[in-house]
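Summary of the model geometry
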Amino acid sequence: MFTWLDPFLAKGANKTLEQADVPEYPEHDDAQACYERFEAEWRKIPQATLDAAARQEENKRSLGPITKATIRFIGCKKFGWATFLYLINTALSFAPPILLTLFLEGLEGTHPRTKVELWLITAAILVVPMLASVVYQIQDAVMGRAGTHVRNAMSTKIYRKSLRLSSRAKLKTSTGAIVNVMSTDAEQPTRFFMFANFIWGAPIRIGICLWLIHRQVGDAMWAGFGFLFCLFPLQTIVFKLISTIRKQMLAAADKRIKLTNEVLTGIRIIKFYNWEAPFKQKINAIRQTELNLLYKYAWIVAIGFSLVLMSAPLILPLIVFSLASKLGVTITAAKAFTTLTLFAIIRFPFAFLPMVIIQWVQTAVSFKRIYNFLLLDELNMDDPVEAPADSDNAIEIKNATVKWDESVETPALSDISLDVKQGELLAIVGAVGSGKSSLLATILNELEFENGTLRRQGSLAYAAQQPWVMNKSLKNNIVFGEAFNEDIYEDTLRVCALVDDLNAIKGGDSAEIGERGINLSGGQKA
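Now for a quick tour of the structure. For clarity, every value in this text was computed on a predicted model and none was experimentally measured. (Residues numbered from 1 in each chain as written. Predicted model: local features only at pLDDT ≥ 70, side-chain atom pairs only at ≥ 80, totals over all residues. Heavy atoms only, no water.)

1. Let's talk about the overall build of the protein chain
Here is the rule: For helices the rule is a DSSP run of H or I covering at least 4 residues; for strands it is a run of E covering at least 2, with both sets numbered from the N terminus onward. Computation of the radius of gyration draws on C-alpha atoms alone. For the globule rule, the value is 2.2 Å times the number of residues to the power 0.38. The buried label goes to any residue with under 20% of its type's maximum accessible area, the exposed label to any with over 50%, and the partly exposed label to all in between, with areas taken from a 1.4 Å probe on protein chains only. Only the protein chains shown count as cover for residues, with accessible areas throughout obtained via the Shrake-Rupley method and a probe of 1.4 Å.
When you go through the protein chain residue by residue, the secondary structure sums to 20 helices and three strands. Over its C-alpha atoms the protein chain spans a radius of gyration of 32 Å, topping by over 25% the 24 Å that the globule rule assigns to 526 residues. A principal-axis box enclosing the C-alpha atoms of the protein chain has dimensions of 105 × 55 × 55 Å. Here the protein chain holds 526 residues, and 38% of them are scored as buried. Of the accessible surface of the protein chain, which amounts to about 31,100 Å², a share of 61% is contributed by carbon and sulfur atoms.

Here it is in structure tokens:
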């Protein structure tokens, strides 16, 4: 199943692997391909449903729309195949105790068997667990791949959404919150999908185990069943506490990432005014809150999960065998070893079921945060802007009153009109806060129009006041992911007056640009 890795592992044993040595992954797994498939399913959600959800309070929104879109994205065929493999694994996992009963009964003489039959049973006891393990690993690979697809699609969807947020939506979130949603929350489904089949499969395994135990020790099994039943209220309390603490941990992480990002952005001002200690104290206070929550989380998991729930399968045989002896059940070697084997089988689903439910709860919390983020307002970039009435104009603004946020009463610009001719070079000059940036944002159609119209034609390029610089070479920042064309590249250097700068910069256009363009001047960044 994994033999395709053999040449890759052999090469890694003899030399340090490079990017060229890593096998290409299938195009189906590509983040862009995953996003396109998920986006197609997302668009099937009626807009009225999304609008109604956006008007609701965040904690009252149903996860139905995003859950259905995710299931359609993965595909019922993949879920069905994984379910079928898990059922086969479940069936094979009960073969060893049944075969062990047949083997021990043959040795005891209760049901005499030939040597050939005993050898065949022995061989089956060795082979069946290996076959069950192979089937489970295939199921695990299918579900793990599905989780990876969901992570790729969600991360890309969140990133694209962040680029389209309106000014009002930006007030409801922050860079730290977006980073946390895109990394932590988008990653959570991957962990959940690895054990998703346990949610329905573990109760089935526990039920079959109890039924087979009843066949071995009779009504003494009901004592064990009663013991398991008494643990469910405890499990409910544990899961509620874990869900609450998980939400608090994510909220604290958002605050910490937001504050850390603000500190890094304004690190020069902080250094100039010697504000390191107060900001360090603020960050450490949030970190201490996170540590306290993690401490509570660890204690709840240790007591509620490890100590109580993990010890249950160990206590169960003592209860069942003690009661069986009092009820007069004869405990033969076949019954004893078979029952112990069944208890060993029941221990695995009983131990992992709480963990899977914890993952389920955490995934629901993450899905809620992702869904709330995707419902934020965004710029209306799909509706085309009409061409100007005068064909000589590149831009026409007529009697426009615009706001950065609909909830703000005072408009950013009131009753403005502007005509920009094609080929015209125009500079906007004004005092600080007079509305220069608001006018540019109006041309970009990023503001809320209360009155007036915007018309424009031709292509549009915008250089922001705070240029986004990649931590790559100067050449890569200029090419910016496009195919390299030497003529266009040289012309860009000439037009931007960068030729003299390249001669002055050590390394020329191959020089590595530091974080946030730290080794460039403001004019060079722009």
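Now, onward.
2. Quick notes on the packing of aromatic side chains
Going by this rule: Stacked, tilted and edge-to-face are the three classes applied to pairs of Phe, Tyr and Trp rings, where Trp contributes its six-membered ring and a pair requires centres within 6.5 Å; stacked means planes under 30 degrees apart, edge-to-face means over 60, and tilted covers the rest. Two limits define a charge over a ring: the Lys NZ or Arg CZ must be within 6 Å of the ring centre, and within 35 degrees of the ring normal.
In this structure the tally under the stated criterion is 13 aromatic pairs. Each member of the aromatic cluster is reached from another via a ring pair, and the members are F38, W42, F73 and Y371. A cation over a ring is seen here: K475 above F484, with NZ or CZ 4.2 Å from the ring centre. A cation over a ring is seen here: K475 above Y489, with NZ or CZ 6.0 Å from the ring centre.

3. Notes on the pairing of strand β1 (residues 393-403)
Side chains on a regular strand alternate between the two faces of the sheet. Spelled out, the test is: Criterion used throughout: strands pair if DSSP finds at least two bridges between them.
Extensive coverage of β1 is indicated by the burial of nine of its 11 residues. Note that β1 and strand β2 (residues 413-421) share six bridges and pair antiparallel. Within the sheet, the bridge partner assigned to N393 lies in β2 and is K421. Across seven bridges, the pairing between β1 and strand β3 (residues 448-456) is antiparallel. Bridge pairing links T401 to N451 in β3.

4. As for the sheet that holds β3
Put simply, the rule reads: To get an axis, fit a line to the C-alpha atoms, keeping to the stretch in contact for a helix; angles then go from 0 to 180 degrees between the N-to-C directions. We call two residues contacting when some pair of their heavy atoms lies within 4.5 Å.
Taken together, the three strands give an open sheet; going across it, the order is β2-β1-β3, and neighbouring strands pair in antiparallel fashion. The open sheet has two edge strands, β2 and β3, and neither has a second partner. Here the average twist between neighbouring strands, direction ignored, is 5 degrees. Most of the contacts of helix α16 (residues 436-443) go to β2, to which it runs at about 65 degrees, and overall it touches β1, β2 and β3.

5. Description of the side chain of E41
Test applied: In protein, a polar contact requires one atom able to donate a hydrogen and another able to accept it; more generally it is a pair of N or O atoms within 3.5 Å, and residues adjacent in sequence count only if both atoms are side-chain atoms.
Counting through the fold element by element, E41 comes out in helix α2 (residues 31-42). By relative accessible area, which is 12% here, E41 ends up buried. Here the side chain of E41 touches R72 through a polar contact of 2.9 Å, side chain to side chain. Sequence-distant contacts of E41, defined by excluding residues within four places in its chain, comprise A69, R72 and F73.

6. Quick notes on unusual backbone geometry
One non-glycine residue, N399, lies in the positive phi region at around 50 degrees. In this structure, N399 sits in strand β1. With relative accessibility at 46%, the residue N399 sits in the partly exposed group.

7. Focus: the pattern of salt bridges
Selection rule: For this document, the term salt bridge refers to a Lys or Arg side-chain nitrogen within 4 Å of an Asp or Glu carboxyl oxygen.
With the rule as written, the count across this model stands at 17 salt bridges. The salt bridge involving R145 is made with D29; its shortest N-O contact spans 3.0 Å. Remark: D29 occurs in the loop between α1 (6-14) and α2 and R145 occurs in helix α7 (residues 115-163); sequence separation between them is 116 residues. Salt-bridge contacts for E41 lead to K44; the nearest nitrogen and oxygen are separated by 3.3 Å. Judged by relative accessible area, which is 54%, K44 ranks as exposed. Via salt bridges that share partners, E39, R43 and K157 belong to a single interconnected network.

8. Things to note about the packing of helix α5 (residues 76-93) against helix α6 (residues 95-108)
This is how it is decided: Working rule for angles: under 35 degrees goes down as roughly parallel, over 145 as roughly antiparallel, 65 to 115 as roughly perpendicular, anything else as oblique. Under the convention adopted here, Pro, Cys and the residues Ala, Val, Leu, Ile, Met, Phe, Trp and Tyr are nonpolar, Asp, Glu, Lys and Arg are charged, and Gly plus all remaining residues are polar.
At a minimum axis distance of 5 Å, the contact between α5 and α6 shows a crossing angle of 20 degrees. On the basis of their axis angle, the class for α5 and α6 is roughly parallel. Residues A91, L92 and S93 of α5 form the contact with α6, whose participating residues are A95, P96 and P97. Residues that form the contact of α5 with α6 fall into these classes: five nonpolar, one polar and no charged.

9. So, a nonpolar patch on the surface
Spelled out, the test is: For patches, a residue must show more than 30% relative accessible area and have no salt bridge; joins then use 9 Å for like charges and 5 Å for nonpolar side chains, namely Val, Leu, Ile, Met, Phe, Trp and Tyr.
On the surface, I269, F272, Y273 and W275 cluster together into a nonpolar patch covering about 490 Å² of accessible area. In this structure, F272 sits in helix α12 (residues 267-272).

10. Regarding the nonpolar core
Our working definition: Each nonpolar core is a collection of buried residues, namely Ala, Val, Leu, Ile, Met, Phe, Trp, Tyr and Cys, held together in the definition by side-chain atoms within 4.5 Å.
Core analysis: the biggest nonpolar cluster contains 34 residues, and W42, I66, M154 and Y371 have the highest contact counts within it. The greatest single-element share of this core, amounting to seven residues, is contributed by α7. When neighbours within four sequence positions are excluded, I66 is seen to be in contact with W42, M154, F367, I370, Y371 and L374. V217, M221, F321 and L342 belong to the second largest nonpolar core, which has 20 residues in total.

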